[in-house]
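Structure assessment
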Amino acid sequence: MNINLTLIGQMIAFAGFVLFCMKYVWPPIMAAMEEREKKIADGLAAADRASHDLELAKEKAVERLKEAKEEAAGIVDAANKRAAQLVEEAKDAATVEADRVKASAQAEIEQETNRAREQLRGQVAALSLAGAEKVLGAAIDREAHNELVEKLASEL
Amino acid sequence: MAAAGEELTISGYIVHHLTNLTYGKLPAGFERYDGSVVGEGGTWTMAHGGAEAAAMGFNAIHVDSMLWSIGLGIIFCWIFRSVAKKAAAGVPSGLLNAVEMVVEFVDGTVRDTFHGHNKLVAPLALTIFVWVFLMNLMDLIPVDLIPHTLMLLGVEYQKIVPSTDPNITMGMAVGVFVLMLYYSIKVKGFGFVKELTLNPFNHWVFIPINLFMEVVGLLAKPFSLGLRLFGNMYAGEMIFILIAALFSAGIAWMVPAGLLQIGWAIFHILVITLQAFIFMVLTIVYLSMAHEDH
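All figures in this text were calculated on a predicted structure; none of them were measured in a lab.

Criteria and thresholds
Residues numbered from 1 in each chain as written. Chains lettered and ligands numbered in written order. Predicted model: local features only at pLDDT ≥ 70, side-chain atom pairs only at ≥ 80, totals over all residues. Heavy atoms only, no water. Helix = DSSP H or I, 4+ residues; strand = E, 2+ residues; numbered from the N terminus. Rg over C-alpha atoms; globule rule 2.2 N^0.38 Å. Buried < 20%, exposed > 50% of the residue type's maximum accessible area, 1.4 Å probe, protein only. Areas by Shrake-Rupley, 256 points an atom, 1.4 Å probe, with all protein chains shown as cover. Lys, Arg positive; Asp, Glu negative; His and termini not counted. Charge placed at Lys NZ, Arg CZ, Asp CG, Glu CD. pLDDT = per-residue confidence, 0-100. Pairing = 2+ DSSP bridges. Contact = heavy atoms within 4.5 Å. Buried area = accessible area lost by both parts, 1.4 Å probe. Salt bridge = Lys/Arg side-chain N within 4 Å of Asp/Glu carboxyl O. Polar contact = N/O pair within 3.5 Å; in protein donor to acceptor, adjacent residues only side chain to side chain. Nonpolar A, V, L, I, M, F, W, Y, C, P; charged D, E, K, R; others polar. Domains from an automatic or database assignment. Patch = residues over 30% accessible without salt bridge, like charges linked within 9 Å, V, L, I, M, F, W, Y side chains within 5 Å. UniProt positions renumbered as here; feature names shortened; annotations may be inferred.

**Looking at the overall build of chain A**
From N to C terminus, chain A includes two helices and zero strands. The C-alpha atoms of chain A give a radius of gyration of 61 Å, which is well past the 15 Å a tight globule of 156 residues would have. With the C-alpha coordinates aligned to their principal axes, the bounding extent of chain A is approximately 190 × 25 × 15 Å. For chain A, the residues scored as buried account for 14% of the 156 residues in total. For chain A, the exposed surface amounts to about 12,100 Å²; the carbon and sulfur share of it is 61%. Charge-centre separation for chain A: the mean point of 21 positive side chains lies 8 Å from the mean point of 28 negative side chains.

**Observations concerning the confidence of the model for chain B**
Residue and element names in this part refer to chain B. Confidence along chain B averages 88 in pLDDT terms, with 97% of residues attaining 70 or more. Across chain B, the element-wise mean pLDDT spans from 83 in helix α2 (residues 50-56) up to 95 in helix α5 (residues 121-137). Taken over the whole predicted complex, pTM reads 0.75, whereas the ipTM for its chain interfaces reads 0.88.

**What about the pairing of strand β1 (residues 22-26) of chain B?**
Residue and element names in this part refer to chain B. By the bridge criterion, three bridges tie β1 to strand β3 (residues 60-62) in an arrangement that is antiparallel. What sits directly across from tyrosine 23, in β3, is isoleucine 61. The pairing of β1 with strand β2 (residues 43-46) spans four bridges and is classified as antiparallel. Its bridge partner lying in β2, leucine 26 is registered against threonine 43.

**Remarks on the environment of Lys86(B)**
Residues and elements named next belong to chain B. When you line up the elements, lysine 86 lands in helix α3 (residues 63-86). Take lysine 86: its relative accessible area is 60%, and that puts it in the exposed class. Residues lysine 86 and leucine 96, ten residues apart in the sequence, show an inter-C-alpha distance of 8.0 Å.

**Here we look at the interface of chain B and chain A**
By a frequent convention, interface size equals the accessible area lost on bringing the separate parts together. Every contact between the two is made by 57 residues of chain B and, on the other side, 29 residues of chain A. At the boundary of chain B with chain A, total buried surface from both sides reaches about 3,700 Å², with 75% on carbon and sulfur atoms. Area buried by chain B at its contact with chain A is led by Phe58(B), Ala89(B) and Asn167(B), which between them contribute 17% of it. At the junction of chain B and chain A, the tally comes to one salt bridge. Where chain B packs against chain A, one counts eight residue pairs in polar contact (both at pLDDT 80 or more). Residue contributions to the side of chain B that touches chain A peak at twelve residues, all from α3(B). In the side of chain B that touches chain A, the residues fall into 39 nonpolar, eleven polar and seven charged.

**Remarks on the domain arrangement of chain B**
All names here are of chain B. Taken domain by domain, chain B comprises domain 1 (1-59) and domain 2 (63-143 + 161-290). The partner domain 2 presents twelve residues to the ten residues of domain 1 that form the contact. Buried area between domain 1 and domain 2, both sides added, is near 920 Å², and the carbon and sulfur share of it is 68%. Across the domain 1-domain 2 interface, the total number found is zero salt bridges. The tally of links from domain 1 across to domain 2 stands at four residue pairs in polar contact (both at pLDDT 80 or more). If you tally residues by element for the side of domain 1 that touches domain 2, the top one is helix α1 (residues 10-17), at four residues. For the side of domain 1 that touches domain 2, the residue count by class is seven nonpolar, three polar and no charged.

**Quick look at a nonpolar patch on the surface**
Residues and elements named next belong to chain B. Together, Phe201, Trp204, Val205, Phe206, Ile209, Phe212, Met213 and Val216 give the surface a local cluster of nonpolar side chains, amounting to about 820 Å² of exposed area. Here methionine 213 is to be found in helix α9 (residues 207-246). Methionine 213 sits in the partly exposed class, given a relative accessible area of 40%.

**Observations concerning the UniProt feature "transmembrane region" (unreviewed entry) in chain B**
Residues and elements named next belong to chain B. Here the UniProt feature "transmembrane region" (unreviewed entry) sits at residues 66-84, 120-146, 167-185, 205-227, 239-259 and 265-287. The annotated region residues 66-84 carries 100% helix and 0% strand content, and the separation between its end C-alpha atoms amounts to 26 Å. Counted over residues 167-185, helix gives 100% and strand 0%. Its end C-alpha atoms are 26 Å apart.

Quick look at the structure:
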């Protein structure tokens, strides 16, 4: 437990180790650590930026989706309208056609009726003449009684 | 474990454990352990026992303390240098992580405490912390393992914990003290003299009293620094030795001695780290004070 030359020796060793540490140990380790710190900070900043970009892209995508939906809805609307219009047009055309067909049928019926009536009238006149001839036993002058027959026929 | 000529007693065992392997100059006329008398002009030799080591006075060197201390210092430099060479900005792993943790811890402590600009303080603090920690760590090696092994190889005395040698701790403390004085004068110049003479009573009449108080305060710093570490480690080593001696008290004492050994060793893990940390922090604080210009 004596104080002796060991003290001086330890001081020299101490100085030597401190100098070694100061020259060859501390600076490279600190440099590496600082560089890594910077790298990590850069990496974090890049990650932040990327997540921000992602957010923007997401927003844009949502917007585009909305636009597309609106457009699609517009297209469907227009198509529906067009379809309704087509149906309406077809309905109108069908009505017109039906009317036309009905009208022509009616005209034909009327024509037929008239013709039948004329025919009937003629036949009635002939029958009445024949009947009258039989009743009178004599031929009735067709010319002389034409007026009478005509009157009879029109009364039928 | 007693050396030749010493009885195998508990006190002999303890004294043997507390004796350094000393190489030094015996003064002329000293009667050695084997009865021979040292001739004219003295002689350089290995001390044989505490009495011869004491007779050597200042002209002696504790070979064991010196070798263990320098060896541990080289281990520190080697580990940290190999890491420093490999250190890169990539992902750290293994030893690199551990070393960087220590470096970062020391760097943080220095940044918190030391506000001047000095490239020396942080490496100094790192060296002190790791080196003192390694020296203290030797305390956890079973007290008889290395000394007894070396004794079988013919080395008579061996103290493997350098920080239980006041020369080692005071050597570092004096080193720090020199740095304190150097930076005080360099940074403050004449202000350092003023600090010593005009504090705490700022009047010329009180200059002698001030000087006395300040010088005592200044000198107390290296002494407290070195002797605190020495005292703690010496006491810790002493208790390890006493517990080791307890094993010889009979078979019944084996279990309690073993438990004591384990308990004290676990507690000592805290002590050795704390003492290394205290030595480092106080060094930083003292150097910080040396840099503060009032």
